[in-house]
Amino acid sequence: MYKSGKTLILLGLFCLFFSHGLDLHANTEETDVIYIEGTEATDSGMEELKNNEAYHYEGEVDTDVSEESVEIEEEEIHIDSSQEAPEGHEANEANEANEANEAKEAKEALMPLTGNGTEQEPYTAGTAAELRSVLQTIRTDPGTGTYHILLTGNIFYNHWDVFEIHKDVIIDGQGFHMLYANDSSTAAGDTGFRIRVSGVQATLRNLNFGSDTLTDASGRVYDNNTYYGILGSAGTDNIRFDAIFENVNYFARRGAQPLLTWNRQSRFIFKGENHFISRAGWDSQEFMEGYNITFAEGSKTTIDHQTDVHLGFIFAFGTGGSAGSDGRIRINVEENAEVNILSSKQHFTFDAQVIFTISENAKFHYRQTANRPLSFSNNQAVTVNIDPGAQATFLSNGQINSGNTVNFNVNEPDFIRFQNLSSSNGLFARNKNFNRLDSAGEATGGYNFYYMNQNQRLVRRGIPGASSRVLANNQFSHSGLRHAIYKKRTNFDLANTADVGIGRSKLTTTIDSYDPAGRLVTDVEYKLSKERLWSGASITETSAQTAIEQATENTPGMVATNKSTNLSWQNDELRAGTYYVYARVTTAISDDPEKLLFASDSFWQEKEVVIERSPIHVVVPLEKLFDVRETGEFYKDEHSQPIVSHSNFPIDFTVTHVADHSVDPTITLVDEIIEEGKDDLVLNLGVTNGQKLGPLLVGENKLDTVSLEPFLDEPLELFLKGEFRGSIFKKHQTDFRLTYILTAQGAED
């Protein structure tokens, strides 16, 4: 084999025979040719909440209340745990149920205590009486814990049932239910799990509170609870505790307020996968009264809290632990945690300053329901910290508001989304401070706010570098602004791999990776050109990007274009040379139709690629066979045979030498027939493109060349043509040998 600039010599043997005619036969002899498992949620409608960000609930209750009614409700609700249940028929029913239950339990014998409270041999309890007994055993045990309890059945309890916790404990419900009697008080403070000692950490695991499917004797689902919460110290504000919920489900329509503490240092912590559903009903109030809530690393929590009493999803109430607290609400969504909230409350937080942190790669989704606009706070300052890779969504029925300043501190998030779901125009009722802390991606487009303008065309507004901006309607060129997404412009790594050899010359272009990696690829555009498609100082300049965008298959030098969602593109049968590969990637944050409208593209990228020359490889026909039965010109294209190049560049083919090795020469090769009757032969190699090589003469030949182009759909073919004026009545036996030369066109790359 030979590289370009060298020649390949092929020797061929032509033998001419005729008898009673001319049989011409040419022979050519070729020489060298070179998740954590959790309990299953039983509450209906939860799966939709987990899977659909665009929540919609028909027939939502308008929960607007007057200031006067709010004050009255607060007087009734925030009572000391020592207060009695409300007077009236409900209290009478509760007393009757109390007497009946006491009589029943007096007849029941407690099961013998099993286990020793360790993780390997936990205590067990299958009734309210057994649970009280186990916790009393732990209280008097000389050890310090942590103690372990397994529930062996559903726990049916009333407002007089108190499960006192004095030491660190983990209660594993094994998927069973805590079922609060439907005739028990919704305002009972000292009922259920109650922590009695400051500093205790209590964990409820794999446990369900209430049910929308299990029913009592009267056929009513267990949708009752107490607004003093399912685990805490009720109205006692001097007890500091950590309450941990791991794989816990909650359902209540009356007394629906799952979390309460009046101690500013107490914490509610969510681990595993949790689902909380609260519906409008008697004494159904906030999701949490307290100051500290944490969604632990990797946890998934879904909260559907749509109640009609009080104004805050999180209500800061109580002064216990003030000496060790700054009195702020702290909401922490830890790394890789996911939180989805539906709330009918007028304010996200109420009556305290807020520090709200969405940590690295966490996801927070908040949707305001009840046809109300989202308000971050009633009258306090709110600080929202959004860390790298985090996702934050705020959906409002009206312009997003707050009763005081809201400061966003953002550091390379995945995206932040604001949307007004109502028919009213505007997105921000009050200006928000937006502080970008990072400088990521500036060379590739950085971070931008994306929104639709009046013509429903996607507009990009950049937030350059580490800088501060004000989020206000007048900062966007659209009076009807309702939806804006802050996100990083897509960037990607472009790679090209050439595969060149005999009979192949291909280029594979690959999007190796793209950032942010969690995006949905909606379009990938590729262009391949022999010429650079732009000019200027930088490809990121607007003029350069526009030039690449507008280039079509008719643009000089363009080889191919492609648009798809594939992250790779292959071009075959490329001629050797220099190419320019262009690519642009468009992504969306999800396949939600509304979010697809905000799909954003990257800059066009360019890579220069050289396709090297392959070895010279040409298949030359080795045999020519035809017959001539009369004198004169002959043109035997019916016997043509292809000459095929398997190289990726043009090659010149010609004959340079003819040798006569006939034993008894009778035929003479001439360039012109001058005299009739002589055994003279004019011989040419004809080419199906109209070219010819000849006349061929014995000795050196200086002939034109035939250009063999690579990758032809229909390759050139060779045949013999010429003229013979001699005798056709005798046999001629000849031996002509031709030397072919193949030469690469152009300079070597």
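Before reading on, note that the structure itself is shown above.
Residues numbered from 1 in each chain as written. Predicted model: local features only at pLDDT ≥ 70, side-chain atom pairs only at ≥ 80, totals over all residues. Heavy atoms only, no water.

Give a description of the sheet that holds strand β9 (residues 192-195) that names residues and reports values.
Read across the open sheet, the three strands follow the order β6-β9-β11; overall the sheet is parallel. At either end of the open sheet lies a strand with only one pairing partner, and these are β6 (162-165) and β11 (231-232). Of the strands in this sheet, β6 and β9 touch helix α4 (residues 128-140), which is tilted by about 20° from β6. (Pairing = 2+ DSSP bridges. Helix = DSSP H or I, 4+ residues; strand = E, 2+ residues; numbered from the N terminus. Contact = heavy atoms within 4.5 Å. Axes fitted to C-alpha atoms, helices over the stretch in contact; angles between N-to-C directions.)

I'd love a proper account of unusual backbone geometry, names of residues and values included.
Note that the residue after G145, namely T146, is joined by a cis bond; omega there is 10°. Here T146 lies in the loop between α4 and β4 (147-151). The backbone of Q174 sits at a positive phi, close to 50°, despite the residue not being glycine. As for its position among the elements, Q174 is in the loop between β7 (169-172) and β8 (177-180). On the accessibility criterion, Q174 (45% relative accessible area) is partly exposed. The backbone of Q456 sits at a positive phi, close to 60°, despite the residue not being glycine. Summarising the element assignment, Q456 is placed in the loop between β30 (447-452) and β31 (458-462). A residue is classified by how much of its surface remains accessible, and Q456, at 54% relative accessible area, is exposed. (Buried < 20%, exposed > 50% of the residue type's maximum accessible area, 1.4 Å probe, protein only.)

Explain the pattern of salt bridges residue by residue, including any values.
Enumeration over the complete set of coordinates arrives at 26 salt bridges. Residues D223 and R220 are paired through a salt bridge, measuring 3.2 Å at the closest nitrogen-oxygen approach. Exposure remark for D223: the relative accessible area of 5% places this residue in the buried category. According to the relative accessible area criterion, R220 is partly exposed, its value standing at 30%. D438 is paired through a salt bridge with R436; the nearest N and O atoms lie 2.9 Å apart. Judged on exposure class, the residue D438 and its partner R436 are both buried. Taken together, the salt bridges that share partners define one network made up of R489, E525, E549, R584 and D601. (Salt bridge = Lys/Arg side-chain N within 4 Å of Asp/Glu carboxyl O.)

Could you give an account of the environment of P621, with specific residues and numbers?
Mapping P621 onto the fold places it in the loop between β42 (618-619) and β43 (623-628). The buried category is assigned to P621, whose relative accessible area is 8%. The spacing of P621 and P642 is 21 residues in sequence and 6.6 Å in space, taken between C-alpha atoms.

I'd like a rundown of the pairing of strand β10 (residues 200-209), residues and numbers included.
The side chains of a regular strand alternate, residue by residue, between the two faces of the sheet. Most of β10 sits out of view: eight of its ten residues are buried. Sheet topology places β7 next to β10; four bridges connect them, and they run parallel. Bridging across to β10, D172 finds its partner in R205. Pairing geometry for β8 and β10, over two bridges, is parallel. Opposite M178, over in β10, you have F209 as the bridge partner. Examined bridge by bridge, β10 and strand β12 (residues 241-252) share nine bridges and lie parallel to one another. The residue bridging F209 from the neighbouring strand is Y250, located in β12.

Any chance you could break down the nonpolar core for me, citing the residues and the numbers?
Membership of the largest hydrophobic core comes to 90 residues, with the highest contact counts inside it found for F193 and F394. Among the elements that make up this core, the one with the highest residue count is β12 (six residues). Sequence-distant contacts of F193, that is, excluding residues within four places in its chain, are made with L131, F163, I165, I171, M178, L204, L207, F209, I230, L231 and G232. In terms of nonpolar packing, the next biggest core, distinct from the first, is built from 31 residues, F634, L681, L683 and L696 among them. (Core = buried A, V, L, I, M, F, W, Y, C linked by side-chain atoms within 4.5 Å.)

Lay out the packing of aromatic side chains with the relevant residues and their values.
Centre distance and the angle of the planes are the two values used to describe a pair of aromatic rings. A full pass over the atoms with the stated rule returns 43 aromatic pairs. Note that K487 overlies the ring of Y450, its terminal NZ or CZ placed 5.1 Å from the centroid. (Phe/Tyr/Trp six-rings, centres within 6.5 Å; stacked < 30°, edge-to-face > 60°. Lys NZ or Arg CZ within 6 Å of the ring centre and 35° of its normal.)

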